[in-house]
Amino acid sequence: SSGINAEYGEAIAKLFRDSKKSGIPIKVCAPMVRYSSLPFRHLVKLYKCDLTFTHMMLSDCFSKAQSARDADFQLAESDRPLIAQFAASDPEDFAAAAQLISPYVDAVDLNCGCPQRWAIKEGIGACMCTNPELISRIVSRCRQVNPELPVSVKIRILESIEETVALALAIENAGAAFISVHGRTIKERNVTPHYEYVNAIKDNVKIPVIHNGGVYSPEDIEPALQKTGADGVMCAQGLLNNPALFAGYKETPIQCVQDWVNIALTYGTTFVTFKHHLVFMLENVLPKHEKKIFNNLSTIPSVLDYLDSNFGIKYQSILPT
């Protein structure tokens, strides 16, 4: 019923309101293919992350096939506020996927930031930034079909500041609740983000702006906010390497590794995902020769043995007994 959704949409508005009141910027975990699963979202929320996204899902598959929905989306009470991110180039597909997922999330996000070749070929992701008219149609159609559900858009910057600001204004006028801006163009990878582009957007729109890019340690947060004037920061690789970054830790504390083991194994995570996260988290903790040993471990019991003998980490279920 629309009553349920009304309070869900409210969670995002409240987040921005509270942040404005307290002066504490919003801290967001970026949508990451393969990594933004329920266990990882749960982990970062233990360490001062305010808002998480699912990984990018394809709205056409999601809206048409139950199997895609089951594979893509896991749910838990602890997982709120949560935004479901979809890639779409068709307004009806996006609106339909949003409607299906609306009882379980606080907002939906349109991905206009993914620079991967396959996405560009499909006409989704970052290549859509050059088509503000299409983005506007997708956002406004979703708002018509699901009036209670906030829609956000994640973009990359365009070549010029003027084009980038025009894109953001089009998104705002279409009815978006907020906008996340990756301060790099579609071609740029690990260069310093163009903070002045994000700042120009912030100066020209009334909706909140989240800055994405260049935050790899707790010390990077304040300068990024100073340079952009943004309402919050979104982080991807920095949180993979250190899920406790937003809580002010310079490197992953052992307690955070312990929490990952407990959460991941309680929810059930594939071995590959379970270990990948540990490789990221232990990157700055293990010496080179130990990394070699750890990288060769190929089963959950062998990983648990290693963590126990090196760090005293033992798996404890997070389910109430």
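Residues numbered from 1 in each chain as written. Predicted model: local features only at pLDDT ≥ 70, side-chain atom pairs only at ≥ 80, totals over all residues. Heavy atoms only, no water.

Visitor: Before we move on, can you summarise the packing of helix α7 (residues 132-145) against helix α8 (residues 161-173) with the specific residues and values?
Guide: Between α7 and α8, the least distance of the axes is 8 Å, while the angle of their chain directions is 20 degrees. Classified by the angle between their axes, α7 and α8 sit roughly parallel to one another. α7 and α8 meet at a crossing whose hand is right-handed. Taking contact as the criterion, the partners of P132, I135 and S136 in α7 are, on α8, L167, A170 and I171. Each residue belonging to the contact of α7 with α8 can be placed in one class, and the counts come to five nonpolar, one polar and no charged. (Axes fitted to C-alpha atoms, helices over the stretch in contact; angles between N-to-C directions. Helix = DSSP H or I, 4+ residues; strand = E, 2+ residues; numbered from the N terminus. Parallel < 35°, antiparallel > 145°, perpendicular 65-115°, else oblique. Left-handed = near helix turned anticlockwise from the far one by under 90°. Contact = heavy atoms within 4.5 Å. Nonpolar A, V, L, I, M, F, W, Y, C, P; charged D, E, K, R; others polar.)

Visitor: Requested: an account of the pattern of salt bridges, with residues and values cited.
Guide: Tallied over the entire structure, the rule returns twelve salt bridges. Salt bridges sharing partners connect three or more residues here, namely R41, K45 and D79. (Salt bridge = Lys/Arg side-chain N within 4 Å of Asp/Glu carboxyl O.)

Visitor: Kindly report on the pairing of strand β7 (residues 178-182), identifying the contributing residues and their values.
Guide: Regular strands show a simple pattern: their side chains alternate between the two faces of the sheet. In terms of burial, β7 is largely enclosed, as five of its five residues are buried. Side chains F178, S180 and H182 project from β7 onto one buried face, and the interleaved I179 and V181 project onto a second face that is buried too. In the sheet, strand β6 (residues 151-156) pairs with β7 via five bridges, with the strands oriented parallel. Its bridge partner being in β7, S152 is matched across the sheet by F178. Running through α8, the crossover from β6 to the neighbouring parallel element β7 is right-handed. Read as a crossover between parallel neighbours, the route from β7 over helix α9 (residues 195-204) to strand β8 (residues 209-212) is right-handed. (Buried < 20%, exposed > 50% of the residue type's maximum accessible area, 1.4 Å probe, protein only. Pairing = 2+ DSSP bridges. Right-handed = clockwise from strand over helix to strand, strands pointing away.)

Visitor: Kindly report on the confidence of the model for the protein chain, identifying the contributing residues and their values.
Guide: Summarising the model, the protein chain shows a mean pLDDT of 93, and 96% of its residues fall at 70 or more. Below pLDDT 50 for its whole length, residues 1-6 participates in five contacts with residues either more than four positions away or in separate chains. (pLDDT = per-residue confidence, 0-100.)

Visitor: Would you mind going over the environment of K154 in detail, with residue names and values included?
Guide: Tracing the backbone through its elements, the reader meets K154 in strand β6. K154 gets classed as buried once you look at its relative accessible area, which sits at 9%. What K154 contacts, discounting residues up to four positions off in sequence, is P31, Q85, D109, L110, N111, C112, G113, S180, H182, N212 and M234. There is a polar contact of 3.0 Å between the side chain of K154 and the side chain of N212. (Polar contact = N/O pair within 3.5 Å; in protein donor to acceptor, adjacent residues only side chain to side chain.)

Visitor: Can you explain helix α12 (residues 254-267)? Please cite residues and give values.
Guide: With 14 residues, α12 extends 20 Å between its outermost C-alpha atoms, agreeing within 8% with the 20 Å of an ideal straight helix rising 1.5 Å per residue. Most of α12 sits inside the fold, with eleven of its 14 residues counted as buried. Buried within α12 are the following residues: C256, V257, Q258, D259, W260, V261, N262, I263, A264, L265 and T266. Buried positions along α12 lie against α2 (38-46), α13 (271-282) and α15 (300-311). (Expected span 1.5 Å × (residues − 1).)

Visitor: I'd like a rundown of the packing of aromatic side chains, residues and numbers included.
Guide: Taken as a whole, this structure holds seven aromatic pairs when the rule is applied. Geometrically, the ring pair formed by Y47 and Y249 is edge-to-face, given 6.2 Å between the ring centres and 75 degrees between the ring planes. In this pair, Y47 sits in the loop between α2 and β2 (51-53) while Y249 sits in the loop between α11 (237-241) and α12, placing the two residues 202 residues apart along the sequence. Judged by its relative accessible area of 9%, Y47 falls in the buried class. Assessed through its relative accessible area of 38%, Y249 is described here as partly exposed. Consider the rings of F86 and F94, whose centres lie 6.3 Å apart with planes at 85 degrees: the pair is edge-to-face. Exposure remark for F94: the relative accessible area of 0% places this residue in the buried category. (Phe/Tyr/Trp six-rings, centres within 6.5 Å; stacked < 30°, edge-to-face > 60°.)

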